[in-house]
Amino acid sequence: MHQTESTELTQCVECSAEIAPGPDRAFAYTDDDVLCFECAVKRGGVWDALHERWEKDPDLAGLPDARRPHP
C-alpha cells in the first residue's frame, strides 16, 4: 500500500474494519466517525445504488459522537 493511501483509510466505529469512505460507501456521521457499509445496513440504513447515496440513514443510537464529550 502506498503511504498516501493509508492516510485515506479510516475505521468503522462499530466493527473496526478499515474502510476507504468514498469507494466503500461508508456512512459518515461526523467529520471523524464512520460506519462501514455492512454496519450501516445492519442498523437500518438503506443505500440507493442508482443515485449513489444513503436513502435512509442508519440508527446511530449508542455510537460514540465526538461532538458530545460525555455519554
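Up top is the structure.
Residues numbered from 1 in each chain as written. Predicted model: local features only at pLDDT ≥ 70, side-chain atom pairs only at ≥ 80, totals over all residues. Heavy atoms only, no water.

Asker: What am I meant to see in the pattern of salt bridges here?
Answerer: Between side chains of opposite charge, pairing is possible as soon as their charged atoms come close. One pass over the full model with this rule turns up one salt bridge. For Glu14, the salt bridge is made with Arg43, and the minimal N-O distance between the two is 2.8 Å. Of this pair, Glu14 sits in the loop between β1 (10–11) and β2 (18–19) while Arg43 sits in the loop between α2 (37–42) and β5 (46–48); the two residues are 29 residues apart in sequence, bridging distant segments of the chain. Note on Glu14: relative accessible area 36%, which makes it partly exposed. (Salt bridge = Lys/Arg side-chain N within 4 Å of Asp/Glu carboxyl O. Helix = DSSP H or I, 4+ residues; strand = E, 2+ residues; numbered from the N terminus. Buried < 20%, exposed > 50% of the residue type's maximum accessible area, 1.4 Å probe, protein only.)

Asker: It is not clear to me how unusual backbone geometry should be interpreted in this structure. Could you clarify?
Answerer: For residues that are not glycine, phi is negative in most cases, and the peptide bond is trans in most cases. Of note in the backbone geometry, Ser16 takes a positive phi value of approximately 70° without being a glycine. You can see Ser16 is positioned in the loop between β1 and β2. Positive phi outside glycine occurs at Glu52, with the angle close to 50°. The residue Glu52 is located in the loop between β5 and β6 (53–56) in this model. Note on Glu52: relative accessible area 62%, which makes it exposed.

Asker: Teacher, can you tell me more about the packing of aromatic side chains here?
Answerer: Any aromatic ring pair is given by two values, namely how distant the centres are and how the planes are angled relative to each other. Scanning all chains against the criterion turns up three aromatic pairs. Chaining the aromatic ring pairs together yields one cluster made of Phe27, Phe37, Trp47 and Trp54. Sitting over the face of the ring of Phe37, Arg25 holds its NZ or CZ atom 4.0 Å from the ring centroid. (Phe/Tyr/Trp six-rings, centres within 6.5 Å; stacked < 30°, edge-to-face > 60°. Lys NZ or Arg CZ within 6 Å of the ring centre and 35° of its normal.)

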